[in-house]
Amino acid sequence: MLRLQLPFRFRAQSLHSRALKTLAVLEQAEPLPLPQNPKSRRAKVCRLARLAVGDGYLHRGKQAKIAQIDSERPLRVSPFLVDTFSRQHNYLRISLTERCNLRCFYCMPSEGVELSPAGHILTDDEVIQLATLFVKSGVTKIRLTGGEPTVRKGLVQIVARLNELREFGLQSIGMTTNGIALERRLPSLIENGLTHLNISLDTMDPFKFEILTRRRGHEAVLRSLQAALSSSLRSVKLNVVVVKGLNDAEILDFLEMTKEKALSVRFIEFMPFTGNGWDKAKMVPSSELLARIEENHPNMTKAPDELNDTARSYMIPGYRGSFGFISSMSDHFCGSCNRLRLTADGQIKVCLFDAKEISLRDQLRKGASDAELLQTIGLAVSGKQEKHAGMEDIDVVTNRPMILIGGTRTARRDHKKTASVLRPILNHVPSMNCAYVATRHFSSSTFSNAPADQSQARLTHMDPSGRPSMVDVSTKQPTQRTATATGRIFIPKAAYELVTSALPEDVRASSPLQRARAKARSKGDVLTVAQLAAIMGCKRTAELIPLCHALPLSHIAVTLQPETHTAERGSAALEGSNEIADPEDGTPHQKRAVGAAPRTQYSIVCRAEVSCEGKTGVEMEALTAVSVGLLTVWDMLKAVAGREMEISGVYVTRKEGGKSGDFARK
């Protein structure tokens, strides 16, 4: 143990004093013997730690002390739960479901998320089997998360079965919930072993609650919180995700909740996850919040933190409760992290911000022994990094959205009430090279270069019973994939001139054709609008095609090019009706006979190139982009040429990547 002889004492002026380098302080340390009795030893360590950090702001110094204590004491967990930085992992967070009864914006991407098939979610028996293995290996704390854990059927029974693991060393069973459906379930959960509860509530205002969660239920959450505070739970905490300009003005209101109640309020920095629109400007650093609080409560004091605690806690004299900060972004606590996560579909994640996962479910269902499962767990733990990436470098492309991990609060897409596929274009103007961040876990097969064996041909999206089914490619490794598609819309000359001319039409003109042209122009630039629509349609492919899933698209490039060419006969577009518009002036006349003299045809060709790094190809995305782009051209020009246009020749011209190899259509 070290005793730190500091040249000055840190005052509780601001959080910035925590920036003092740990090494500079440790240079002044000297050895100090510790009592042999474990209880006396721990008590003395805690006292010295409080002295060493002054008023508690030397957070990095605390992490260094924790690391030293851990290195001196014997292992209390299996070696498989110790990473290469000697961190012992005795805390397991288990996500019971991906579903939720709220739609919190910071958890759910705006385009929604694709839920895992029911057969991929861990069963109750599988949850207990894995939990038992972890507890026997040294895990002492389990927390149930989601989605929203209260929507999981059999939740009470799962808690009761976990409670039976106390004989193997389990000390606490916690749960993180949004509180919407908790009140009536809470007594039975406590009776069956629940000891710790975290409730998520980001605002005290019912109207803001609806904005944040896209649902009602503010009163239900408050009732659940009151029921929890009146219960025999060991600990009740309130999680508050702080977003600048939305709820950061309510910090002092939340503190008042701790005045008469034994409640711990924890302010959580807004964290980046796939599709949640994270912006550094929206994040309020904990140091800023602390400074605001200190202005109103200058006598606040640092509360002792538990070993491996994620929050730095404080108390206000005369208040029953406490408050703290989880500063994952501005001041991470990776050095003392003891957490592992088990997703609802059975993947082990060693870090919330690390996209890497290993499936325990697949091994479990193949009959793997406990020893084999532990080897896999050890492999995952050994790959844990010393710390996660900086806030602006965190992987929000291949990592899961928060809902599919399990954490502070989660939400999912409501497939029955999904938003319209193409929102008004002027309200949503995407970049021409779009980064799309939803994740596809299961998808369809891709093309094959070789001729199909008709004796073995089958529809890959049908199960053995003939019912529609997604193809499971979860065992595949993501690879770089690209697809290019093309298509064409044939239009009459009047429409072609409208598209290619830069001159505005005289709205006072009385000619029917001129009035039609003016109406078409009022919708905007045909090719630009069609290009934007194609990109938006590409990103929405999974919502249009039932058995497609959202892919992490990294590049979308769409072009629309007017073209003319000479045909030996009239195009089908000009032969599909008994009467067509004259290409020169738009007046109707009888169509020309097949085999007439060569004539000029007019068309617009649309090409789309789409790329991603995923487990399946992007051919459907490219085809959707072309189709939506051409349909938009049709819509923009229908006032001029509604009966004469024809869309044809939509197909994939090139595909790269994937097991089936590359191809180019000639």
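Description of the structure in this document. (Residues numbered from 1 in each chain as written. Predicted model: local features only at pLDDT ≥ 70, side-chain atom pairs only at ≥ 80, totals over all residues. Heavy atoms only, no water.)

## Digging into the sheet that holds strand S14 (residues 358-359)
Put simply, the rule reads: Should DSSP find at least two bridges between two strands, the strands are regarded as paired. Secondary structure elements are taken from DSSP: a helix is a run of H or I of four residues or more, a strand is a run of E of two residues or more, and numbering for both begins at the N terminus. Contact definition: two residues touch when any of their heavy atoms are within 4.5 Å. Note on geometry: axes are lines fitted to C-alpha atoms, helical ones only across the stretch in contact, with angles between N-to-C directions running from 0 to 180 degrees.
In spatial order, the strands read S9-S10-S11-S8-S7-S6-S5-S4-S3-S12-S13-S14; together these twelve strands make up an open sheet with mixed pairing. With partners counted over all chains shown, the strands left at the sheet margins are strand S9 (301-302) and S14, one partner each. Here helix H4 (residues 124-136) sits on the sheet in contact with strand S3 (91-95), strand S4 (141-145), strand S12 (339-342) and strand S13 (347-349), set at roughly 170 degrees to S3.

## Things to note about the environment of Ser-172
To keep things clear, this is the line we draw: With a 1.4 Å probe rolled over the protein chains alone, any residue whose accessible area is under 20% of its type maximum counts as buried; one over 50% counts as exposed, and the rest are partly exposed.
Looking at the element boundaries, Ser-172 is found in strand S5 (residues 172-177). The class for Ser-172 is buried, based on a relative accessible area of 7%. As a C-alpha pair, Ser-172 and Ile-142 span 30 residues in sequence and 6.4 Å in three-dimensional space. Once residues within four sequence positions are removed from consideration, Ser-172 is found in contact with Thr-140, Lys-141, Ile-142, Arg-166, Thr-195, His-196 and Arg-234.

## Comments concerning the packing of helix H13 (residues 493-500) against helix H17 (residues 619-641)
Helices that pack against each other are described as a pair by the angle of their axes relative to one another and the distance between those axes. Just so we agree on the cut-off: Angular relationships are summarised with four words: roughly parallel below 35 degrees, roughly antiparallel beyond 145, roughly perpendicular across 65 to 115, and oblique for the angles in between. When the near helix sits turned anticlockwise from the far one by under a right angle, the crossing is termed left-handed; a clockwise turn instead gives a right-handed crossing. Three classes are used, and their members are as follows: Ala, Val, Leu, Ile, Met, Phe, Trp, Tyr, Cys and Pro are nonpolar, Asp, Glu, Lys and Arg are charged, and the others, Gly among them, are polar.
Between H13 and H17, the least distance of the axes is 9 Å, while the angle of their chain directions is 130 degrees. Considering the angle they form, H13 stands oblique to H17. Note that H13 runs across H17; the crossing there is right-handed. Touching Ala-494, Ala-495, Leu-498 and Val-499 of H13 are Leu-637, Val-640 and Ala-641, all from H17. For the contact of H13 with H17, a count of residues per class yields seven nonpolar, no polar and no charged.

## Considering the pattern of salt bridges
Inclusion rule: Every case where a carboxyl oxygen of Asp or Glu lies within 4 Å of a side-chain nitrogen of Lys or Arg is listed as a salt bridge.
Tallied over the full model, the rule gives 17 salt bridges. The salt bridge partner of Arg-87 is Asp-83, with a shortest N-O separation of 2.5 Å. Across this residue pair, the class does not change: Arg-87 and Asp-83 are buried. Here Asp-362 makes a salt bridge to Arg-361, at a shortest N to O gap of 2.8 Å. Classification of Arg-361 as buried rests on a relative accessible area of 3%.

## Focus: the pairing of S5
Burial of S5 is extensive: six of the six residues sit out of reach of the surface. Residues Ser-172, Gly-174 and Thr-176 of S5 are buried on one face, and the alternating residues Ile-173, Met-175 and Thr-177, pointing to the opposite face, are buried as well. Bridge count for S4 against S5 is four bridges, and the pairing is parallel. Bridging from a neighbouring strand, Lys-141 pairs with Ser-172 of S5.

## Overview of unusual backbone geometry
In this chain, Gly-146 is followed by Gly-147 through a cis amide linkage whose omega measures 20 degrees. Tracing the chain through its elements places Gly-147 in the loop between S4 and helix H5 (155-163). One non-glycine residue, Ser-86, lies in positive phi territory at about 65 degrees. Topologically, Ser-86 is positioned in the loop between helix H3 (59-72) and S3. By relative accessible area, which is 47% here, Ser-86 ends up partly exposed. Although it is not a glycine, Arg-214 adopts a positive phi angle of roughly 60 degrees. For Arg-214, a relative accessible area of 33% puts it in the partly exposed group.

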